[in-house]
Amino acid sequence: MQDTYLRYSFTKGTEQEVDFLVDALGLEPGMRLLDAGCGPGRHIAATTRRGIDTVGLDLAESFCRIVAAGDTPAPAVVADIRQIPFTDGFDAVISLCQGGFGLLGGPGAPIDADLQALRELASVLRPGGRLAVSAFSAYFQVRFQAGEGGDFDADAGVMHERTAVKDAAGTDLEADLWTTGFTPRELRLLAAAAGLEVEAVWSVEPGDYARRAPDIDHAEFLLLARKPT
Ligand SMILES: C[S@@+](CC[C@H](N)C(=O)[O-])C[C@H]1O[C@@H](n2cnc3c(N)ncnc32)[C@H](O)[C@@H]1O
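Since the structure is predicted, the reported quantities are computational estimates derived from the model, not experimental observations.

Trainee: How do you make sense of the overall build of the protein chain when you look at a structure like this?
Mentor: Secondary structure summary: the protein chain contains seven helices and 10 strands in total. The C-alpha atoms of the protein chain give a radius of gyration of 17 Å, which matches the 17 Å a tight globule of 229 residues would have. For the protein chain, the spread of C-alpha atoms along the principal axes amounts to about 45 × 45 × 30 Å. When each of the 229 residues of the protein chain is scored for burial, the buried share is 48%. Contacts in the protein chain between residues at least 24 apart in sequence constitute 61% of all its contacts with a sequence separation of at least 6.

Structure (structure tokens):
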């Protein structure tokens, strides 16, 4: 299943993303990191190899099992990003490539679902700890995806797609995907409402994380924020 997942193009830039995050979050060996919505643990493996004490969390039990049994094993708990079963203070938290945050929209979803997720992420940070969350760009969605097979809800800011998800054998399975798009302004407001100090919002792509001012050309924004001391 991990091999199947790692065939997706968005998983190809893991080392670049982690090198960037180690610098941006000030991560050092021995620090404690939570990867929320970790999937099969590509970032966990890369941070663990760098000596960072990383824990994973994902809704999918199969992904958590892969993390715990991988070449670079790490603990991973089955949980929802909106109800994180930790109380201790992590030095940093990441949630990347729609690791829960940004996947909480869709029919009947409360408008504050992503705020709830951000509040949970903030609650497990130690004072002074940092968070990095990637979020799909609303600008990019409207420019390049609305009308191209996507069903864009302009009121909710959510793109609905029927997409193919590969099973363990690599066979395509049809699934619904609701991806919420964000503007930098929304991310700043959400982070402030979650009690975080925003340090930056950058325009990024999978495998091309950079300190790039927000624009309308890149698919994702990366929010970097800090819990006040
Ligand atoms: C696109 S994958 C990204 C995984 C990983 N962060 C990466 O970059 O490879 C999204 C992950 O978020 C998980 N997920 C979706 N909704 C979630 C939720 N509410 N709470 C926790 N995890 C969630 C999915 O199970 C999936 O593993």
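Trainee: Sorry if this is basic, but what is going on with the side chain of serine 137 here?
Mentor: Inspection of the secondary structure puts serine 137 in strand S5 (residues 125-137). According to the relative accessible area criterion, serine 137 is buried, its value standing at 0%. For serine 137, the side chain forms a polar contact with the main-chain nitrogen of tyrosine 139, separated by 3.2 Å. When residues no more than four places from it in sequence are discounted, the contact partners of serine 137 are Gly181, Phe182, His218, Ala219, Glu220 and Phe221.

Trainee: What's the story with the pairing of strand S2 (residues 53-58) in this structure? I'm lost.
Mentor: The side chains of a regular strand alternate, first on one face of the sheet and then on the other. For S2, the buried fraction is high: five of the six residues fall into the buried class. Pairing of strand S1 (residues 32-36) with S2 involves five bridges; the strand directions are parallel. Following the sheet pairing, aspartate 35 is matched in S2 by glycine 56. Of the crossover connections in this fold, the one passing from S1 over helix H3 (residues 42-49) to the parallel S2 is right-handed. Alignment of S2 against strand S3 (residues 76-78), held across three bridges, turns out to be parallel.

Trainee: Please explain H3 as it appears in this structure.
Mentor: It helps to recall that an α-helix has 3.6 residues per turn; residues three or four apart then point in one direction. In terms of burial, H3 is largely enclosed, as six of its eight residues are buried. One or two residues past the end of H3 sits glycine 51, with phi positive at roughly 85 degrees.

Trainee: Explanation requested: the pattern of salt bridges in the structure shown.
Mentor: Side chains that carry opposite charge are capable of pairing whenever their charged atoms lie near each other. Counted under the stated rule, the structure contains 13 salt bridges. For arginine 42, the salt bridge goes to glutamate 17, with nearest N and O atoms at 3.5 Å. Remark: glutamate 17 occurs in helix H2 (residues 14-25) and arginine 42 occurs in helix H3; sequence separation between them is 25 residues. Take arginine 42 and glutamate 17: they sit in the same class, and that class is buried. The salt bridge partner of arginine 162 is glutamate 174, with a shortest N-O separation of 3.4 Å. Remark: glutamate 174 occurs in strand S8 (residues 172-182) and arginine 162 occurs in strand S7 (residues 158-166); sequence separation between them is 12 residues.

Reading the values: rules and limits
- One numbering rule holds for all chains: residues counted from 1, following each sequence as written.
- The predicted nature of this model means local features are confined to residues of pLDDT at least 70 and side-chain atom pairs, given and counted, to a pLDDT of 80 or more, with totals for whole chains, interfaces and linings taken over all residues.
- The side-chain values count all of the structure's non-hydrogen atoms but skip hydrogen atoms and water molecules.
- Helix and strand labels come from DSSP, where a helix needs a run of H or I of at least four residues and a strand needs a run of E of at least two; each type is numbered from the N terminus.
- Here the globule rule is a power law, 2.2 Å times the number of residues to the power 0.38, and the radius of gyration is based on C-alpha atoms.
- Three exposure classes are used, based on accessible area relative to the maximum for each residue type with a 1.4 Å probe and protein chains only: buried under 20%, partly exposed in between, and exposed over 50%.
- Here a residue-residue contact requires only that any non-hydrogen atoms of the pair lie within 4.5 Å.
- A 3.5 Å cut-off defines polar contacts: any pair of N or O atoms within that distance qualifies, except that in protein one atom must be a possible hydrogen donor and the other a possible acceptor, and neighbouring residues in sequence count only when both atoms are side-chain atoms.
- Strands qualify as paired when DSSP identifies two bridges or more between them.
- We call a crossover right-handed when, viewed with the strands running away from us, the connection from the first strand over the helix to the second turns clockwise.
- What counts as a salt bridge is simple: a side-chain nitrogen of Lys or Arg found within 4 Å of a carboxyl oxygen of Asp or Glu.

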